[in-house]
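# Coordinates in review
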Amino acid sequence: MAVRNSLLSELTIPSLRAPLVNVESYRQVARRRLPRSIFDFVDGGAGDEVTTRANETAFAEATFRPRPMVDVAQRDLSTTVLGRRVEMPVLLGPAGSTRLVHPEGELAVARAAARLGTVYALSAASNFPLEEVADAGRGATLWFQVYHWKDAGIVADLVARAKNAGFHALCVTIDVPLSGVKDRDLRNGLTIPPRLTVRNAFDTCRRVRWLRGFVTGDPITFKNLEPYSFEMAAGVMGLSTFMREKLNNPSSTWEDLRWLRDLWDGPLVVKGVLTADAARRCFDAGADGVVCSNHGGRQLNGNPASFVALPEVLEAAHNRNKEVFLDGGVRRGTDVVKALAAGATACLVARPYHWGLVADGEDGVVAVGEHLRSEIDNVLAQLGVPRAVDLDRTSIRWERMSERAAGHLPERVPDCLPEDPRVDAR
Ligand SMILES: Cc1cc2nc3c(=O)[nH]c(=O)nc-3n(C[C@H](O)[C@H](O)[C@H](O)COP(=O)(O)O)c2cc1C
């Protein structure tokens, strides 16, 4: 009976089960359709996941200060990100190995970004070559995300390929000196690419839709890296060996960020910044923006929620004409609006679009984006701020005494007015 029920839950069209009304409903579809180990790989975080959970709950630390009786009949969610207009302040962040959840992986995400009129930051650890993703994502603004891998020749070549393929910005992720230790992955015995084992066979075989895509598709590898390793391309060398020998690099320093700055003549964003000091060093090294991010809690459990770290990072950007983005735990339009009101230029999401991919491929990613778009639109109206670019700190009230004590948040709202350049400008 249990088997029959689980098969039914896999085969039933989600729209007949429950309407997909928010990002969480897409997560529930993913939970039903993906093998446990794959769902956990995307959903999980490092250790006991305190940081991953905190990312989502931290947004409650700010509440709104609505302005009634403002004409909000016309609303505008568009903004400018590193010199490019985007239709909404939600960007699709970098995530390696998207084919783990859907056969069209990064190609589908790139197409969805073009339809949503937003940015897609492609991870160098993607399962399709960056050139193919650039083709698929025509119309989207594309960023290329790299790590400062051990083999600098590979990194330099990837950066040159990204330039040739038309990527607009380079995004350098700096919060992975070593891979985070994820309890769920250890418990599930996850391997990449995934393997069918006696232990996971029952669970995997009942996820019919996922299994069909997995067995009929090409083997899952880091396609961008195949030109640099005949052994990996031929399947002689496993991904983990290749990563150990050529990629993992615990000895990166700020000098390496300056080296990347010199390689790339377009906009440069550094991702994985949680302190004012780190943000200042990024700007000093020539970054045009930083992503206030703890990697979705997937690296160091015990890091603060991104939204908690945001005021400190913004402080470092003050008066420097730099952009600060936020990612981690963004699930609602209210989260995005609070981050923008605090001073972020835009938010990035990663897990939410994976859940959209599982539900309906490219269309599912667009649907998740549209849910966020319509929630943001509604919040702007309720708040009395019809244009996303006009949000500022007068629209939120900080509830956190600890942060106020640390001096990163204004005591009372009027105190923040001179500190917020967007307020002065009006
Ligand atoms: C499955 C998965 C793979 C990821 N891979 C990368 C990556 O290759 N490069 C990177 O900079 N961040 C990576 N991240 C981190 C995300 O870019 C992002 O910082 C984080 O997931 C944002 O939180 P959210 O998932 O709650 O939206 C990955 C995240 C997930 C969920």
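The following paragraphs examine the structure supplied in this document. What you see is a predicted model, and the numbers here were worked out from it, not measured in a lab.

Quick notes on the rules
- Residues numbered from 1 in each chain as written.
- Predicted model: local features only at pLDDT ≥ 70, side-chain atom pairs only at ≥ 80, totals over all residues.
- Helix = DSSP H or I, 4+ residues; strand = E, 2+ residues; numbered from the N terminus.
- Buried ≥ 20, exposed ≤ 12 C-beta atoms within 10 Å, placed from the backbone.
- Contact = placed C-beta atoms within 7 Å.
- Expected span 1.5 Å × (residues − 1).
- Core = buried A, V, L, I, M, F, W, Y, C linked by C-beta atoms within 7 Å.
- Near = placed C-beta within 6 Å.
- Nonpolar A, V, L, I, M, F, W, Y, C, P; charged D, E, K, R; others polar.
- Axes fitted to C-alpha atoms, helices over the stretch in contact; angles between N-to-C directions.
- Parallel < 35°, antiparallel > 145°, perpendicular 65-115°, else oblique.
- Left-handed = near helix turned anticlockwise from the far one by under 90°.
- Pairing = 2+ DSSP bridges.
- Right-handed = clockwise from strand over helix to strand, strands pointing away.

## Points about the overall build of the protein chain
- Counting its secondary structure elements, the protein chain contains 21 helices and twelve strands.
- Put simply, the protein chain has 426 residues, and 48% of those count as buried.
- The contacts of the protein chain with a sequence gap of at least 6 include a subset with a gap of at least 24, amounting to 71%.

## Considerations on helix 16 (residues 306-317)
- With twelve residues, helix 16 should cover 16 Å at 1.5 Å per step; its first-to-last C-alpha distance of 16 Å lies within 8% of that length.
- With respect to burial, helix 16 is a largely interior element, eleven of its twelve residues being buried.
- Considered for burial, the residues of helix 16 that qualify are Ser306, Phe307, Val308, Ala309, Leu310, Pro311, Glu312, Val313, Leu314, Ala316 and Ala317.
- Downstream of helix 16 by one or two residues, asparagine 319 has phi in the positive range, about 65°.

## Details of the environment of leucine 380
- Within the fold, leucine 380 resides in helix 18 (residues 351-383).
- For leucine 380 and glycine 333, which are 47 residues apart along the polypeptide, the C-alpha to C-alpha distance reads 9.2 Å.
- Each residue touching leucine 380, except ones within four places of it in the same chain, is listed here: Val72, Arg75, Val337, Val385, Pro386 and Ala388.

## Regarding the nonpolar core
- Counting residues in hydrophobic clusters, the biggest one holds 122 residues, and the most contacted among them are Phe144, Val290, Cys292, Val313 and Cys347.
- Element by element, the count of residues in this core is highest for helix 18, at 13 residues.
- What cysteine 347 contacts, discounting residues up to four positions off in sequence, is Pro89, Val90, Phe325, Leu326, Asp327, Val330, Val336 and Ala339.

## Here we look at the site of the ligand
- Neighbouring the ligand are 22 residues; Gly96, Ser123, Gly296, Ala350 and Arg351 lie closest to it.
- Within the shell around the ligand, the residues separate by chemical class into seven nonpolar, eleven polar and four charged.

## A short note on the packing of helix 6 (residues 105-116) against helix 18
- Running from N to C, helix 6 and helix 18 cross one another at 20°; their axes reach a closest spacing of 8 Å. By the angle between their axes, helix 6 is roughly parallel relative to helix 18. As helix 6 runs across helix 18, the sense of the crossing is left-handed. From helix 6, Ala108, Val109, Arg111, Ala112, Arg115 and Leu116 reach across to helix 18, where they touch Tyr353, Leu357, Gly361, Glu362, Val365, Val366 and Gly369.
- Residue classes in the contact of helix 6 with helix 18 are distributed as eight nonpolar, two polar and three charged.

## Brief notes about the pairing of strand 10 (residues 323-327)
- With respect to burial, strand 10 is a largely interior element, five of its five residues being buried.
- Neither face of strand 10 is open: one carries Glu323, Phe325 and Asp327, the other Val324 and Leu326, and all of them are buried.
- When strand 9 (residues 289-292) meets strand 10, the two strands line up parallel, connected through four bridges. Each bridged residue has a counterpart across the sheet, and for cysteine 292 the counterpart in strand 10 is leucine 326.
- A crossover links strand 9 with its parallel partner strand 10, the connecting element being helix 16, and its sense is right-handed.

## A few points about the pairing of strand 6 (residues 141-146)
- Burial analysis of strand 6 places six of its six residues in the buried class, the great majority of the element.
- Relative to strand 6, strand 5 (residues 119-123) is paired through five bridges, and the arrangement is parallel. What sits directly across from valine 119, in strand 6, is threonine 141.
- In this fold, strand 5 hands off to helix 7 (residues 130-136), which returns the chain to strand 6; that crossover is right-handed.

## Describing the packing of helix 17 (residues 333-342) against helix 18
- Two numbers describe how helix 17 lies on helix 18: the axes approach to 8 Å, and their chain directions differ by 60°. The pairing of helix 17 with helix 18 is recorded here as oblique in orientation. Judged by the sense of rotation from one axis to the other, the crossing of helix 17 with helix 18 is right-handed. Only Leu372, Glu375, Ile376, Asn378, Val379, Leu380 and Leu383 of helix 18 make contact with helix 17, whose side of the interface consists of Gly333, Thr334, Val336 and Val337.
- Among the residues making up the contact of helix 17 with helix 18, the classes are represented as seven nonpolar, three polar and one charged.

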